[in-house]
Amino acid sequence: MELQNTVKEALNALYHHPDDAVRMQADRWLQEFQRTIDAWQVSDNLLHDSSSNQETLIFCSQTLRSKVQRDFEELPSEAFRPLRDSLNSLLTAFHKGPPKVRTQISLAVAALAVHVPAKDWGDGGIVNWLRDEMNSHPECIPSFLELLRVLPEEAFNYKIAARPDRRRQFEKELASLMEVALDILRACLNISELTEQVLEAFASWLRLRHRIPSSTLASHPLVLTALSSLSSDILLEASVNVISELIHYTAARNSGGVVAHMPLIQVIVPQVMSLKSQLRDSSKDEEDVKAIARLFADMGDSYLELIANGSDESMVIVHALLEVASHPEYDIASMTFNFWHNLQIYLIERDSYVSFGNEASIEAERNRRLLVSFRVQYPQDYADLSREDLKDFKKTRYDVADVLIDAALVLGGEATLKILYMKLVEPGGSSGNGEHSNWRSAEAALYCIRAISDYVSVTEAEVMPQVMYLLPKLPHQPQLLTTVCLTIGAYSKWLDAAPTGLSFLPSLIDILVSGMNVSEDTAAAAALAFRHICNGIDSPLSNCGKKLCGSLDGLFHIYQRAMIGEGTFKVSAEDSLHLVEALSVVITELPSDHAKKALEVLCLPAVTPLQEVINQGPLVLGQTTARELTVHIDRLANIFRYVNHPEAVADAVQRLWPIFKAIFDIRAWDMRTMESLCRACKNAVRTSKRFMGLTIGAMLEEIQALYKQHHQSCFLYLSSEVIKIFGSDPSCADYLKILIESLFSHTICLLKTIQDFTSRPDIADDCFLLASRCIRYCPDLEASNSILTFLSDIFDISNSSQGEKYTSIRDNVIIPRGPTITRILVASLTGALPSSRLETVIYAVLSLTRAYRSRALEWTQDSVSLIPSTAATEAERLRFLRALSEVVSRGDVNALTISIEELSEVCRRNRTVQEIVQGALRPLELNLVNGVVV
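Since the model is a prediction, treat every value here as computed from it, not as a measurement.

Comments concerning the overall build of the protein chain
Consideration 1: Along the protein chain, the regular secondary structure elements total 51 helices and 2 strands.
Consideration 2: In the protein chain, which comprises 934 residues, the proportion classed as buried is 51%.
Consideration 3: Total accessible area on the protein chain stands at roughly 43900 Å², and carbon and sulfur atoms take up 52% of it.

Looking at the nonpolar core
Consideration 1: Leu471, Leu636, Ile639, Phe640 and Phe664 are the most contacted members of the largest nonpolar core, which totals 135 residues.
Consideration 2: Here this core gets 12 residues from one element, more than from any other, and that element is helix H38 (residues 646–667).
Consideration 3: What Phe640 contacts, discounting residues up to four positions off in sequence, is Val649, Ala652, Val653, Leu656, Phe660, Ala680, Asn683, Ala684 and Thr687.
Consideration 4: Within the second largest apolar cluster, 115 residues are counted, among which are Leu57, Ile141, Leu147 and Leu321.

Some points on the pattern of salt bridges
Consideration 1: Within the structure shown, the criterion is met by 31 salt bridges.
Consideration 2: Close ionic contact of Asp71 with Lys67 constitutes a salt bridge, the shortest N to O distance being 3.2 Å. Here Asp71 pairs with Lys67, and both are found in helix H4 (residues 54–71), just 4 residues apart, close to one helical turn.
Consideration 3: When its relative accessible area of 21% is taken as the criterion, Asp71 is described as partly exposed.
Consideration 4: We classify Lys67 as buried; its relative accessible area is 1%.
Consideration 5: The residue Arg679 makes a salt bridge to Asp634 at a minimum N-O spacing of 3.2 Å. With a gap of 45 residues between them, Arg679 in helix H39 (residues 671–688) and Asp634 in helix H37 (residues 626–642) connect regions that are remote in the sequence.
Consideration 6: Each of Arg102, Glu146, Arg149, Glu153, Arg207 and Glu245 takes part in one network of salt bridges that share partners.

Some words on the packing of helix H30 (residues 505–518) against helix H31 (residues 520–533)
Consideration 1: At their nearest, the axes of H30 and H31 sit 6 Å apart, and the two run at 145° to each other. The handedness of the crossing between H30 and H31 is left-handed. Touching Leu505, Ile509, Leu512, Gly515, Met516 and Val518 of H30 are Thr522, Ala523, Ala526, Ala527, Ala529, Phe530 and Ile533, all from H31.
Consideration 2: Classifying every residue of the contact of H30 with H31 gives 11 nonpolar, 2 polar and no charged.

Observations regarding the side chain of Glu443
Consideration 1: Residue placement: Glu443 occurs in helix H26 (residues 439–451).
Consideration 2: Residue classification places Glu443 among the buried residues on the basis of a relative accessible area of 0%.
Consideration 3: Excluding its chain neighbours within four sequence positions, the residues that come into contact with Glu443 are Val376, Tyr378, Arg397, Gln479, Leu480 and Thr483.

Observations concerning the confidence of the model for the protein chain
Consideration 1: Looking at the protein chain, pLDDT values average 83 and 87% of them are 70 or higher.
Consideration 2: Per-element confidence in the protein chain ranges from a low mean pLDDT of 37 for strand E1 (residues 928–929) to a high of 94 for helix H14 (residues 221–228).
Consideration 3: Throughout residues 364–373 the model reports pLDDT below 50, and contacts reaching past four residues in sequence, or to other chains, amount to 21 contacts.

Looking at the packing of helix H15 (residues 236–251) against helix H17 (residues 262–273)
Relative orientation and spacing of two packed helices are given, respectively, by the angle between their axes and the distance between those axes.
Consideration 1: Axis separation between H15 and H17 bottoms out at 11 Å; the angle between their running directions is 135°. Compared by their axis directions, H15 and H17 come out oblique. In this structure, H15 crosses over H17, and the sense of that crossing is left-handed. Together, Ile243, Leu246, Ile247, Tyr249 and Thr250 of H15 and Leu264, Ile265, Ile268 and Val272 of H17 make up the contact between the two elements.

Definitions and cut-offs
- Residues numbered from 1 in each chain as written.
- Predicted model: local features only at pLDDT ≥ 70, side-chain atom pairs only at ≥ 80, totals over all residues.
- Heavy atoms only, no water.
- Helix = DSSP H or I, 4+ residues; strand = E, 2+ residues; numbered from the N terminus.
- Buried < 20%, exposed > 50% of the residue type's maximum accessible area, 1.4 Å probe, protein only.
- Areas by Shrake-Rupley, 256 points an atom, 1.4 Å probe, with all protein chains shown as cover.
- Core = buried A, V, L, I, M, F, W, Y, C linked by side-chain atoms within 4.5 Å.
- Contact = heavy atoms within 4.5 Å.
- Salt bridge = Lys/Arg side-chain N within 4 Å of Asp/Glu carboxyl O.
- Axes fitted to C-alpha atoms, helices over the stretch in contact; angles between N-to-C directions.
- Left-handed = near helix turned anticlockwise from the far one by under 90°.
- Nonpolar A, V, L, I, M, F, W, Y, C, P; charged D, E, K, R; others polar.
- pLDDT = per-residue confidence, 0-100.
- Parallel < 35°, antiparallel > 145°, perpendicular 65-115°, else oblique.

What follows is the structure in structure tokens.
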């Protein structure tokens, strides 16, 4: 009891004590406690203690799970049965939550089953035991379903300290009870609320190496439920998990291969293919599209050999994969990359080598392909080549690089690397001691080694250390040095991960510094290599980058010399951005107080020349070329993007705001400078988010005022970025409303005709981007109001004397889209837009009805009929439709307003109803043809 109280006190200190030192001490004590044998009994007692709070329950359930997984052998053999019974009673007691506690207990029971053979478990093993418990405690079925789901997963959990033989035996035990598990799941299908849980558990069990015939699975109720649930938004993810596992099963060689599973494949493929159109459905959630794309990617990976044969049936899958690959979202498109890669390998191996007969000829052909690599060698008369010959030479190098990649795909990166390295070190291949005569062959070999860098393992330990050892010994001939620097950058991941990689870093940094002094090409390559070494593009700081944290003074010295072009440094303005990125991610690794100081130093070479220009007065600032300003502003933009210290960046922007404001005020007419400055502000907003609160108001006031005079589209873009970050903040609502109204009112004046859109596509593009972000991030503001007003004006165009002649044009546009527009308006009335927009929506519906009368009634009736009767009764829907009919026949607007308000209230009465209605009214797919909705 004393130890139980100590655990409670330690947990209270850990979560609630104001002193950091006390919290750390409590954390250390609790970690030590979890390693003791007393943790078994204390955790069990506290879990059974009804007075334990949630923090105690979560900690003790995690402790007990961890003890079962790792320390089961601490217990005497006779402790198993009481432990099993105690865990079972806990699983029953917590069947209604907390969910975290229930999950931990389920994992503990599963881990116990991994340790204990079925014959010792009793009751025919855990699955039969679980079935009996479900029958005895039907109210706890959801809890037991969770346990059933995690059982197969824990068979492959190597955190469980089970012996390999026991782990294999447990997997066999589960596979032998597969039919029992599926019978349990099939019975649970009768409880509709459990369908998602059942499908997730089914997917888990399919991962086992089972032997269920495909003919059985093809008609199994669980499979049929998964296939039919692909059309359900709620069940889609669980269904995809099941179908994905079935696809993998049908392709597994140890289960008979594709041919043996044709009955199941013929059921799966048509159902998956029917989802293809949803890849381009803009109304679908991105996660749902990802799930669907995953199915197509799984089919491609699993049925690769069938696809490679080129049959009509398999080409249907290829077309679907092309659809996925062309998806605008990278995360979705990239799902197919593995398929294309493997298909390339398969086709190369099958088509390119099958005709060569014996192994010797095949090996000869492979080496022949590698030997073409040395056509990349610089010719003796390279300096005298014409522009056209230079272009051809570069193309040859690119083509050879592609051939080398093909070779690496077939032979493997390491095998290819060995062959190329032999060309590097053969007599005359590399030359040190300042001898330049043979630099061409060394450069060609390194160019080829660099080309296959993506295919060489980061753990390669035979050749790459020798390559890195050789690089400092090569002469600093400009073309060779350029390739050396690029090779260092290309193998930055190897330097980061290989055991010996970091040992080469000082000598390689010396090479890069030398590269900055030789020529613009070598300086560009060196700067790029610095960026790669520090992982300067949207990725965590590398080990190399961390090591460079200790050399910041030296790095800043190099950086400052490069920025001001001191001495022989040749780094161009564009290439200097690579150095900025590299140092920015190094600074990200620093503690906050050090980062602020380092950030000041990093900004200084860009800030000083800007301040000097401003100090000379408005006239000089106004006459300075844009290039002289943007070269420094772009560096600041990159700093704000890559220094991931939000508060430090916000502080820097606040300090620099007087400089930015001076440039805004004097150079607002200059598009190039404004775009650069807005980009810097945008990056600062993205990085700092709400830390920008002190500066954001002044920034928005500035661009709001300047937009009225200079109409720079980048002001709209910067505003849209602010909306994205601050749009959901109620404290900003009033200010953002004024901003949006001001920007849109001036933009509308600029875009009155089609010619205006053509002449200022930048304004049109950024205007609609701003509108879409207003709708997405702050729908309570006025963006939707502008769109609805625009629609009403279009419907009412025939009411004006000048607009009547455009009626036929309007009708050609609206009538084909009438059902969709009406559906959107009805959705807006019933909850898609805030109730504060109801008056504007009503007027749009009224204008549509007046313009199209019976057609509008028909469109509205079709839309309203989609509202489920559980949300709005037949009488409520008819009342609305009758009121709309009265507008057509007698012009009674009051009745329509009242009926719309009533229907709106009914459909918004609670969140569940509102979601049901919006789900039913979600617009049909909108197709874009040449940028026009059709």
